[in-house]
Amino acid sequence: MNTVANFPARLEALLGAEGVRISETELQGAAIGRQQPLAVAKPRTAPEVAEIVRFAAAEKLAVICCGSRSKLELGMPPSRYDLAIDLTRLREIVHYDPADLTLSVDAGLTLSELSTVLAEENQCLPLAVPFAGPATVGGTIASGVDSALRLQYGTARDFLIGAEFVDGTGRVCKSGGCVVKNVTGYDLHKLLIGSLGTLAAITRLNFRTFPLPELRGVFFATFPSLEAAFQFRSSAERSGLPLANLELFNPEFAQLLAARARDALPFRPGNHWTAYAAFEGNQPVLGRIQRDLETSAADCHADRCEIPDEKACAQWGRELRDTADWLPKAAPNLALLRIAGLSLTSADAAAVVNGSQAGLRHALLARPCNVTYLAVFCESEARADRIALESRVSECMSLAHAKKASVTLLHAPAWLKDDLSVWGPTGADFPLMQRVKHAFDPQAIFAPGRFAGGI
Amino acid sequence: MDPALTRELKILLGPPSVLSDELDLMLYEFDGSVEKGRPDVVVFPHTTEHVSRIVKLANKYQVPVVGRGAGTGLSGGALARGGGVMVVFARMNRILQLDLENRRAVVQPGVVNLDITRAVEHAGLYFAPDPSSQKSSTIGGNVAENAGGPHTLASGLTTNHVTALELVLPDGEIIRVGSHLGDACGYDLCGLLVGSEGTLALATEITVKLSRKAELVKTLLAVFDTVLDASRTVAEITARGITPAACEMLDGWTLGVIEDYIHAGFPRDSAAVLLLEVEGIREAAETQASAVARICLANHAREVRTARDDRERDLLWKGRKNAFGAMGRLAPSNYVLDGVIPRSKLPEALEKIREIGAKAGFRIGNIFHAGDGNLHPIVLFDPRDAQQFKNAIAVAEEIIRMCVSLGGTLTGEHGVGMEKNELMPLLFTDADFDLMRRIHDTFNPDSSLNPGKIFPISKGCGEIRIRKSRQPVGSQA
């Protein structure tokens, strides 16, 4: 009799033993939270992915698409999970025209491998994302993780120019193209960004590429007060200087950062707020930006300004880029919130970091483009502290919602994730999103329950 | 159409906001394209609630609805292909909120593109998408078509500058998608809606990003003796990784026509010019300007001029943006095409366009966004000559097919509309259409909103009533 439990054998008949893995190690490697699949399929081509999806749709299997599995923790655990589709064998650069600055790449290639190829032509894809070592191009797009170069280059939405994917009916579809300007047909590829694999299995992505900058520069300044740091940020934003990144962090965040990168830290964290700016260009451009930032920091009563050496610049850039990766590991009981669409004022920040209860700590990183990372954590495992942590996280989420921000829980210990939704409450447009989901995936086989509103 | 619908619309909006006389309707059967389609009634809502009730009334009488801004579109997107009710947003033209601190403007769909910039330029801000029609086209139309413009090269299309929309769905429901500051939770519905050509919903309120004016803008005019040298220059600028704010090409024949009309200061005896703009902080713009000038000269530019002041700069841009108008002096009508090719194929594409035109006996002008490979060949014809019109359409199709064969696409900024819907199978498979159709039906299940657009009718994708076949503008046929 055909049951969900014995589908792996039937899938193996379809794909061959090479294409289906059922060893415990493989299954554990694809686990999300406490759930693991019954099989991991390893297709080599988009038509094979389509065949697997058709099989899954016919058998009503719940499917999770994955790449290097570095971000499976994002989102809610799936409500059902039968089959993982591992896309890492789709790893070809299908088209790369350096003279046109366009690229078409399979979803399973890693960002680092791709970067190496692009760097040979002195080009790059400006996705400075966490988990970038192992991360695949497809997983980076599906998870929609923040890029530390967003201020200058925008999000993937601004340079993803097309996609090929398998919809929930098991057909290979595409949208967009491989040219830098295109309004032909619906922009379905935009929907895939950050959809956490709930709409389709992404098999190929087309991008606009960018020249590598001639030089990169970094600037640090520390401020005696939160207000002074925010004043500096505001003046840097208004200056029109072409910054690639501009971040502020509180003393708690600085201490955690220092614990990771002691050698490279240009200052002792102390009780200061820190501003970090990154920028690109030739020597005259870098010189001008550094001068203007120094002047502006001095006007805002900075304690000190620092222009680290090249090695330190690179390390700082990496650490801040990878915040979503290392920060959750900084304490056993830590919840990391991403608050987006909120223009964080110094008063907001003060309310958050000063509203602390005994035993709870707050690390705050104000990123550009109205994105804030807030980690709430406690060192102890005491029940009272855990209760305080949960109530504080709820409170922060409610405060952000009240200001119409969009809040997601990037990380939380399992006990907390069981009680809190990773996603905030849905808006009035949620029924439309459900309908879009249904259009892509009529049988709801892709990543059920992982996305906002339980999609 | 049932006259009772017109009566009900007049009760809802007042008689001055409803047009139903044949003479009035004739004015709304055109846009900037060579297509036509006459509505049965034209209405001018003042509020979102009006729009919702108009849509519900149209549903009650089972007639289609099409939205329209200023009617400057170039693909028939705002034409009533299936007749019905045309909703003209001209009176929903208020800027509702200027949030200068966060660089956002909330506007009604009937606000003219350039008026957003005029409202914020005192604060050193502007709205980046700048279609040539920006003095008259509305933001609602820009959103529907995902409009571009010369400065798309560095700043992106309309979709890159919209963060939230208020929509009226085809059943009359009013809903908001996106968020004021961006990064809304869930799927990127704004990204889907912008550029959906009015086939999914009517936008009744739009939140746009405002950009900061650059410290220094340098506008260069590079003059070439051959089109090939000019197009090689563009390819080399791209290949060197330089992204100017704008990189426009105008061929010599077009330049003469513009000079007669605008007196912009373009040379009359050249084969092509590039109008290039670089911007940024002083150090960056100056470096880029000299790099661009060096590449022009290395590719045999006869001369590279830099605009000395804003007046000279504005004049050069006036020449560029009014080029299509200038063409009106040469022939009763013109057909502005919109195709895209990979930038590295520019020299090859321009040569092919010349060959296609020569073979069919048309002189084809080229005024286009060279930097992003967005071609705008312009075919002059006399619409009173039915055969000539037919030939012009055939030439247009051949050029677009050539763009696709070079790895390009059907449209870079004008939209598919009813101009290119039958060419869509050049790019998309049945599976692609099925999914797009499911998305379409999710919003617009009865095709009551803007029917006959985007999807090829010949493939059975568009189950709509088509009253009029393709006819030349102004013909009696």
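Because the structure is predicted, anything quoted here is derived from the model rather than measured.

What counts as what
What you see as residue numbers is a count from 1 along each chain, following the sequence as written. Here chains are named by letter from A upward and ligands by number from 1 upward, in the order in which they appear as written. In keeping with the predicted nature of the model, local features appear solely for residues at pLDDT of at least 70, side-chain atom pairs appear and are counted solely at 80 or more, and the whole-chain, interface and lining totals rest on all residues. Only hydrogens and water are set aside when side-chain values are computed; all heavy atoms of the structure are taken into account. Strands here are runs of E lasting at least two residues and helices are runs of H or I lasting at least four, both read from the DSSP assignment and numbered beginning at the N terminus. Relative accessible area decides the class of each residue, using a 1.4 Å probe on protein chains only: under 20% of the type maximum gives buried, over 50% gives exposed, and in between gives partly exposed. Whether two residues are in contact is decided by their heavy atoms: any pair within 4.5 Å suffices. In this count, Lys and Arg are taken as positive residues and Asp and Glu as negative ones, while His and the chain termini are left out. A charged residue contributes its charge at one atom only: NZ of Lys, CZ of Arg, CG of Asp or CD of Glu. Strand pairing requires that DSSP identify at least two bridges connecting the strands. Fitting a line to C-alpha atoms yields each axis, with helices limited to the stretch in contact; the angle taken between N-to-C directions then spans 0 to 180 degrees. Nonpolar cores are built from buried Ala, Val, Leu, Ile, Met, Phe, Trp, Tyr and Cys residues. Side-chain atoms within 4.5 Å join them into one set. Joining two parts hides part of their accessible area as seen by a 1.4 Å probe, and the buried area is that hidden amount summed over both. Here a salt bridge means any side-chain nitrogen of Lys or Arg lying within 4 Å of a carboxyl oxygen belonging to Asp or Glu. For the purposes of these results, a polar contact is taken to be a pair of N or O atoms within 3.5 Å, where, inside protein, one atom must be able to donate a hydrogen and its partner to accept one; residues adjacent in sequence count only when each atom of the pair is a side-chain atom. Expected span of a helix: the number of residues minus one, times 1.5 Å. Patches here: salt-bridge-free residues with over 30% relative accessible area, like charges joined within 9 Å, nonpolar side chains (Val, Leu, Ile, Met, Phe, Trp, Tyr) joined within 5 Å. Here the Shrake-Rupley method, with its probe set to 1.4 Å, supplies the accessible areas, and only the displayed protein chains count as covering residues.

Visitor: Looking at this structure, how should I read the overall build of chain A?
Guide: Secondary structure summary: chain A contains 16 helices and 19 strands in total. Based on the C-alpha atoms only, the size of chain A along its principal axes is roughly 75 × 60 × 40 Å. Burial status across chain A gives 62% buried among its 455 residues. Taking the contacts inside chain A whose residues are at least 6 apart along the sequence as the reference set, 72% of them involve residues at least 24 apart. Between the centroid of the 45 positive side chains of chain A and the centroid of its 49 negative side chains there is a distance of 4 Å.

Visitor: Just checking my understanding: could you explain the sheet that holds strand β6 (residues 102-106) of chain A for this structure?
Guide: Where strands meet in a sheet, backbone hydrogen bonds hold them as pairs that are either parallel or antiparallel. All names here are of chain A. The strand order β5-β6-β10-β8-β9 describes an open sheet built from 5 strands, whose pairing is antiparallel. Looking at strand neighbours, the two that pair on one side only are β5 (93-97) and β9 (172-176), the edges of this open sheet. The sheet shows a mean angle of 15 degrees between the axes of neighbouring strands, direction not considered. Note that strand β8 (residues 160-166) and β9 share 5 bridges and pair antiparallel. Bridge assignment links Val-166 to a residue of β9, and that residue is Val-172.

Visitor: Sorry if this is basic, but what is going on with the nonpolar core here?
Guide: In globular proteins that are soluble, nonpolar side chains generally tend to be buried together. Of all hydrophobic cores here, the largest spans 173 residues; its most connected members are Leu-188, Phe-207, Leu-293, Val-393 and Phe-440 of chain A together with Leu-165 of chain B. Take this core: its biggest share by element is 7 residues, from strand β18 (residues 371-378) of chain A. In this view, Phe-207 of chain A contacts Leu-101, Thr-102, Leu-103, Val-105, Leu-125, Leu-127, Val-137, Ile-141, Phe-159, Leu-160 and Ile-161 of chain A; residues no more than four positions away in its chain are not counted. Core analysis: the second largest hydrophobic core is formed by 46 residues, Leu-153, Ala-291, Tyr-335 and Phe-389 of chain B among them.

Visitor: Even after reading the chapter, I still don't get the interface of chain B and chain A, so can you show me in this structure?
Guide: Interface extent is often summarised as the accessible area lost during association of the parts. Across the contact, 80 residues belong to chain B and 64 residues belong to chain A. Buried surface at the junction of chain B and chain A, summed over both partners, amounts to about 5800 Å²; 57% is from carbon and sulfur atoms. On the chain B side of the interface with chain A, the three residues burying the most area are Asp-183, Cys-185 and Tyr-187 of chain B, jointly 14% of the side's total. At the junction of chain B with chain A, the criterion picks out 12 salt bridges. Put simply, Arg-343 of chain B and Asp-100 of chain A hold a salt bridge, and the shortest N to O gap is 3.1 Å. For the pair chain B and chain A, the number of links is 29 residue pairs in polar contact (both at pLDDT 80 or more).

Visitor: For this particular structure, what's the right way to read the side chain of Lys-181 of chain A?
Guide: In this fold, Lys-181 of chain A is placed in the loop between β9 and α7 (188-192). Engagement of the side chain of Lys-181 of chain A in a polar contact is seen with the side chain of Asn-374 of chain B, the distance being 2.9 Å. Among the polar contacts listed, one links the side chain of Lys-181 of chain A to the side chain of Glu-413 of chain B, at a separation of 2.9 Å. Not counting residues up to four positions away in its chain, the partners in contact with Lys-181 of chain A are Gly-149, Thr-152, Leu-157, Val-340, His-369, Asp-372, Asn-374, Thr-409, Gly-412 and Glu-413 of chain B.

Visitor: Is there a simple way to think about helix α14 (residues 386-405) of chain B in this case?
Guide: Residue and element names in this part refer to chain B. With 20 residues, α14 extends 29 Å from end C-alpha to end C-alpha; this agrees with the ideal 28 Å at 1.5 Å per step. Within the span of α14, buried status applies to Phe-389, Ala-392, Ile-393, Val-395, Ala-396, Ile-399, Ile-400, Met-402, Cys-403 and Val-404. Of the surrounding elements, those touching the buried residues of α14 are β16 (333-336), β17 (339-340), α13 (346-360), β18 (364-368), β19 (374-375) and β20 (377-381). Just beyond α14, the residue with positive phi is Gly-407, at close to 95 degrees.

Visitor: I keep staring at helix α10 (residues 283-299) of chain A and nothing clicks. Help me out?
Guide: Since the α-helix packs 3.6 residues into each turn, any two residues three or four apart lie on the same face. Residues and elements named next belong to chain A. A rise of 1.5 Å per residue sets the reference length of α10, with its 17 residues, at 24 Å; its end C-alpha atoms lie 24 Å apart and thus fit the reference within 8%. Considered for burial, the residues of α10 that qualify are Val-285, Leu-286, Gly-287, Arg-288, Ile-289, Gln-290, Leu-293, Ser-296 and Ala-297. In this structure Asn-282 caps α10, since a side-chain oxygen of it lies 3.1 Å from the backbone nitrogen of Val-285. Positive backbone phi, approximately 60 degrees, marks His-301, located one or two places after α10.

Visitor: How should the side chain of Arg-104 of chain B be read in this particular structure?
Guide: For Arg-104 of chain B, the location among the structural elements is in strand β6 (residues 104-107). Look at Arg-104 of chain B: it is buried, it has no salt bridge, and the nearest opposite charge is Asp-99 of chain B at 6.7 Å. Engagement of the side chain of Arg-104 of chain B in a polar contact is seen with the backbone oxygen of Asn-102 of chain B, the distance being 3.3 Å. Polar side-chain contacts of Arg-104 of chain B include one of 3.3 Å to the backbone oxygen of Leu-181 of chain B. In this structure Arg-104 of chain B touches Asn-370 of chain A together with Gln-97, Leu-98, Asp-99, Thr-163, His-180, Leu-181, Gly-182, Thr-207, Val-208, Lys-209 and Leu-210 of chain B, once residues within four positions along its chain are discounted.

Visitor: I tried to follow a nonpolar patch on the surface on my own but got confused; where do I start?
Guide: Nonpolar side chains collect at one region of the surface, where Ile-95, Leu-98 and Leu-100 of chain B lie side by side and expose about 200 Å² of accessible area between them. Tracing the chain through its elements places Leu-100 of chain B in the loop between β5 (95-99) and β6.

These figures come from the coordinates and say nothing about function on their own.
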